[in-house]
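For reference, the chains in residue letters:
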Amino acid sequence: MVVSLFVSDAYSQKPAGTIDSLQTLLKQLPQDTSRVKTLVELAWQFHGNQDTSRARATVEQALTLAQALGYEKGLALGEMFRGYYHNKANRYNQAVIHYQAAKKHFQRNGNQKGLANATSKTGISLLNNSSYALALEQFNQSISLYRVLQDSIQLANNLLNAGIAYQGMGDYTKALSSFFECLKLDESLGNQQGVASDYDQIAIIYKKQKQYTQAEAFEQKAIRLYRQIDDDYGLASSLNNLGILYKNMGKYTEAVTVLAEAEKLFMKISNNRGQVAVLSNLGEIYLMQKKYTVAMQHFTRSVELGQQIQWKESLLSNWEGLTKVYTAMSRPEEALQIAFKGLSLAESLSAREYIFKFHQLIAQAYKANKEYEKALSYLEKSVADNDSLYTAEQSRQLLELQTRYETEKKEQQIALLSKDSALQKSELSRKTMLQYILLAALIAFLVFAFLIFRIYRAKAKSKRLLLSEQLKTQQFEAQKLAELHAIKSRFFSNIAHEFRTPLTLILGPVESLMDRYSSSSREADLLKMVKNNASRLLLLINQLLDLSRIESGIIGLTMKQEDVVRFLKGLTYSFLSLAEQKNIALVFSSGVDSLPMDFDEDKLEKIMSNLLANAFKFTPEGGRVEVSVAQVSGSKGSFLQIAVADNGIGIPSDQVPFVFERFFQASNGKVRDIEGSGIGLSLTKELVEIHQGSIEVSSQPGQGTTFLVQLPVTTNAPLAAQPMPATQVWLHPHTQEQPFMAEAQSATDALMETGIEPPSEIILVIEDNEEVRRFIAHALWGCYQVVEAVNGIEGVQKANEIIPDLIISDVMMPEMDGYETCRLLKSEEKTSHIPVILLTAKAGLESKLEGLDTGADDYLSKPFNTQELKARIKNLIALRKKLQSRYLNQAVSSEPAAALPPIENIFITKLKEVVYANLSDESFSIEQLSSELAMSRTQVHRKLKALTNQSASQFIRIIRLQKAKELLLDGQHNVSEAAYLTGFNSSTYFSTCFTEYYGYPPSELKVK
């Protein structure tokens, strides 16, 4: 079946006003051109409100007035509306008449844009009517006009429609060329809907040329893009085309699935064309499955709906299907009746592909009806239609038909000879002459048939030789690819083996060093970090080696018979410590108490460990991971069914099909939700398949993920030597990794226990990886107070609460990445002054520039040197301290704080305004100041301390002293008055503060 995605026929002009406003305007307008345009706009409004009769009446008024005024543009606009109206009603011939009239009026008016639009609409109506050659003429004209007008959007639309016209005419080369030119334009314009439509049409061409791999690739691209932009019509059309492709590939189950989804979407948007196409395609599938009655029902329903909407191409497709059904059901007379209707329509539309098909179908029907002469005639016509489709089998059929025809002729001749013996001798010479004539004709026919047979056999031989050469080439390429794959596998295997030796030399000495320190010491904590990460790397290498052995075919199963329920229960509960650490509920349930069966303990342990580790990785704190076991029966016997489910974040639907692919990692842009190597699930699938089992995954974003494993239950292996006790618990690499200092103190607490005064500077470390976070804390131990946050959201909250002296943040984090965190911190009044260092594994210049653009003060790539990190922290804090005196002078000055950054300037200005407003209030407190600034006392204190190295009370006092000095210099106030006006309740205390700040008493100021 063929369904082409046509562009919308909606007229580009949109009504400017509402019905009421336009009707009011009409009462005020004279009988001039503005009235014509308003009437046309009102007609569009009526049509949009489904008021068809008033719309038509209004546009007729506009046309009458335009005719009287000789207003060419008005006449063109009215005819465009008429054409649109008839096209939407599937009256394509009438639509073409009105669009052609609009073209003439636009041409007389010199309106090139209108002319191009009317020409394009004419082509669309002809295309909808399956008049491909006429439609192509119109599209070629509109393409030329839009090139002159430099309208890339409309040029792309018309190139697409021209390609569809070429496709309908069977000229696939020109169609593909037109589609690719359209694709380039749409990509340059950023037109995602257009790009998706282009992908869809390119896929159709590849499908028709039986290049199914390329067709599926382009169709999947179109479907993904339509889902992204939420285009139901485009998605339904692409799903329909994918169903056709799967049908041609023999994937009937997949075809029915996608066609069912397409049918739901077409019904949702009330698209009759789409429903016609889906019904026809389903009929084709049922025909291939020999479900003739069901196929006939689908074809018949599709024909009825296609006739209602006057879709001629769908009639061709469905009549083709019905002809095949009747022929298969041994009803050749009905098959011929339908086939001749289809042939007549195909010839009227110049549809070469369908002419060829109906010639073949008529030949088959005549053959089934034993009318071999007619069958031979139509088979020869089909060969002439498409010689490239002629095969050796058709040659055999042609020879068979010829032989039968000759046999019948000979039998007729024998009968004639028998009758001749009874005739009068006077007629003998005439009969003999007739026999000679017939014999000569027969000999001539046989010679002619023999020549045809030799020609076709030569062509078939040439084609076989060509196919043989192509097959050899493909086999050679496949062999080379296999050799390359083997070389890569050996390389990964060898390099993995090479990694094991240095890892062994790392783990051994680290374990020896750990025995020398107490488990609570700082050194033991660092050594434990080294050991756990080395163990994790060793596990990854072992997985790579397992994959290499599986590919090489050297890995086998060591099957033993024991209770698999007990084994799985113990293995599940070995993850309890990890579950407690992450505050996740771990549940095991089984539908059977015990199930003795054959399985490989090592392989099943790896399968379950990978699935459970994956579940914990996806599930946030407070979530749930459940393992359920059951014994199920199927057509192939009994199976063990294991379900590992979580209620975590889930996997995006477009990524679910790829989770078992090697090195695939689900991602969500810059925000890292899922960490991993992309090896575990790939290895799991391989191990399950070695057990002759299957694994499936289902997931809903925000609801969780479920992995379902099925393994065949057999009892052929020997019993295990020592049954495993029910209380046994495995130690798995995932559960051996314990968090560093999980119940330990912070570096600040540790210092206080030793009696050492903790440092005054506070460093906030925002990092989602606990080990990296702890490593940084250890590196800064004793130098700074360290506060930790596990993600960007928590980091912003803590930064606002404690106002640290410096922030170190990772870039790739869950919930909020480092760039967004830095941007928020630098835009907040409370935290804008805090220096920020970004840490990332991305070392490229582009990533560094992106980080600095967000306001970050420094950028450090992983892995980093701790000494370098300390040096950068020290330099940033020292730079901040150097700026403090400068900021202080600007802040307390009565002039605007030009030296301060914009956000800091706003803060200081607001602060000074609050202090000046309460300058004479001796009871004005820090709490009142904090309330006015909508900040806490601590936040105000640390913000001011960071900017000016002064506490809030000191800052207020300095401003008061500055103001008092100004009052004294004016000479209008004495010392006591200046003191009381600036909020000092005691002139003695004022003099003390003044002398301490300025170095001389206020009484000496006037003298100076």
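What counts, and at which threshold
Residues numbered from 1 in each chain as written. Predicted model: local features only at pLDDT ≥ 70, side-chain atom pairs only at ≥ 80, totals over all residues. Heavy atoms only, no water. pLDDT = per-residue confidence, 0-100. Contact = heavy atoms within 4.5 Å. Pairing = 2+ DSSP bridges. Helix = DSSP H or I, 4+ residues; strand = E, 2+ residues; numbered from the N terminus. Axes fitted to C-alpha atoms, helices over the stretch in contact; angles between N-to-C directions. UniProt positions renumbered as here; feature names shortened; annotations may be inferred. Core = buried A, V, L, I, M, F, W, Y, C linked by side-chain atoms within 4.5 Å. Buried < 20%, exposed > 50% of the residue type's maximum accessible area, 1.4 Å probe, protein only. Parallel < 35°, antiparallel > 145°, perpendicular 65-115°, else oblique. Left-handed = near helix turned anticlockwise from the far one by under 90°. Nonpolar A, V, L, I, M, F, W, Y, C, P; charged D, E, K, R; others polar. Patch = residues over 30% accessible without salt bridge, like charges linked within 9 Å, V, L, I, M, F, W, Y side chains within 5 Å. Areas by Shrake-Rupley, 256 points an atom, 1.4 Å probe, with all protein chains shown as cover. Salt bridge = Lys/Arg side-chain N within 4 Å of Asp/Glu carboxyl O. Lys, Arg positive; Asp, Glu negative; His and termini not counted. Charge placed at Lys NZ, Arg CZ, Asp CG, Glu CD. Phe/Tyr/Trp six-rings, centres within 6.5 Å; stacked < 30°, edge-to-face > 60°. Lys NZ or Arg CZ within 6 Å of the ring centre and 35° of its normal. Right-handed = clockwise from strand over helix to strand, strands pointing away.

What to know about the confidence of the model for the protein chain
Taken as a whole, the protein chain shows an average pLDDT of 77; of its residues, 77% reach a score of 70 or greater. Low pLDDT, under 50, characterises residues 388-406; the predicted model gives this stretch 36 contacts beyond four residues in sequence or across chains.

Some points on the sheet that holds strand β11 (residues 836-840)
Sheet architecture is open: five strands sit in the order β9-β8-β10-β11-β12, paired in parallel fashion. Among the strands making up the open sheet, the edge pair consists of β9 (785-789) and β12 (858-861). Adjacent strand axes in the sheet meet at a mean angle of 20° when their direction is disregarded. Against the sheet, helix α30 (residues 792-802) touches β8 (762-766), β9 and β10 (806-810), its axis set at about 140° to β9.

Notes on the UniProt feature "transmembrane region" (unreviewed entry) in the protein chain
Mapped onto the present numbering, the UniProt feature "transmembrane region" (unreviewed entry) falls on residues 433-456. Strand forms 0% of residues 433-456 and helix 100%; the C-alpha atoms that close the span are 35 Å apart.

Overview of the nonpolar core
The nonpolar side chains of a soluble globular protein tend to be buried, and buried together. Counting residues in hydrophobic clusters, the biggest one holds 116 residues, and the most contacted among them are Phe 106, Leu 316, Trp 319, Leu 322 and Phe 358. Apart from residues no more than four positions distant in its own chain, Phe 358 is found in contact with Leu 316, Trp 319, Glu 320, Thr 323, Ala 339, Gly 342, Leu 343 and Ala 346. By size, the runner-up hydrophobic cluster in this structure holds 41 residues, among which are Phe 567, Val 627, Leu 683 and Leu 711.

Quick notes on the packing of α30 against helix α31 (residues 818-827)
Packed helix pairs are characterised by how far apart their axes lie and by the angle those axes make with each other. Contact geometry of α30 with α31 gives a least axis separation of 9 Å together with a crossing angle of 20°. For the element pair α30 / α31, the angle class is roughly parallel. Like other packed secondary-structure pairs, α30 and α31 cross with a definite hand, here right-handed. For the pair α30 and α31, contact is made by Gly 792, Val 796 and Ala 799 and by Thr 821, Leu 824 and Leu 825, respectively. Here the contact of α30 with α31 is built from residues that sort into four nonpolar, two polar and no charged.

Section: the environment of Leu 576
Considering the arrangement of structural elements, one finds Leu 576 in helix α24 (residues 576-581). Residues Leu 576 and Val 587, spaced 11 residues apart in sequence, show a C-alpha to C-alpha distance of 9.6 Å.

Considering unusual backbone geometry
One non-glycine residue with positive phi stands out, namely Gln 50, at about 65°. Position of Gln 50 relative to the elements: it lies in the loop between α2 (33-48) and α3 (52-69). Unlike most non-glycine residues, Ser 130 shows phi in positive territory, near 65°. Examined against the element boundaries, Ser 130 turns out to sit in the loop between α6 (112-128) and α7 (132-149). The buried category is assigned to Ser 130, whose relative accessible area is 1%.

Points about the sheet that holds strand β6 (residues 694-700)
Pairing within the open sheet is mixed, and its five strands lie in the order β2-β4-β5-β7-β6. Edge strands, defined here as strands with exactly one partner in the open sheet, are β2 (585-590) and β6. Mean inter-strand twist for the sheet, computed between neighbouring axes without regard to direction, equals 15°. Where β2 meets strand β4 (residues 624-634), six bridges bridge the pair, whose relative direction is parallel. Directly across from Ser 589, in β4, lies its bridge partner Ser 628. Along the sheet face, helix α26 (residues 680-690) touches β6 and β7 (704-712) and points at about 140° away from the line of β6.

Section: a positive patch on the surface
On the surface, Arg 454, Arg 457, Lys 461 and Arg 464 cluster together to form a positively charged patch. Tracing the backbone through its elements, the reader meets Arg 464 in helix α21 (residues 428-514).

Considerations on the packing of aromatic side chains
Counted under the stated rule, the structure contains 14 aromatic pairs. A ring pair is formed by Phe 340 and Tyr 366, whose centres lie 6.5 Å apart and whose planes are at 65°; its orientation type is edge-to-face. In this pair, Phe 340 sits in helix α17 (residues 332-349) while Tyr 366 sits in helix α18 (residues 352-368), placing the two residues 26 residues apart along the sequence. In this structure Phe 340 comes out as partly exposed when scored by relative accessible area, which is 31%. Members of the aromatic cluster, each reached through a chain of ring pairs, are Phe 180, Tyr 199, Tyr 206 and Phe 218. The aromatic ring of Phe 218 is capped on one face by Lys 221, whose charged end is 5.1 Å from the ring centroid. Taking the ring centre of Tyr 354 as reference, the NZ or CZ of Lys 357 above it sits at 5.0 Å.

A closer look at the pairing of β11
Burial runs high along β11: five of the five residues are buried. Assessed by its sense of winding, the connection that carries the chain from β10 through α31 to β11 is right-handed. In the sheet, β11 pairs with β12 via four bridges, with the strands oriented parallel. Opposite Ile 837, over in β12, you have Asp 858 as the bridge partner.

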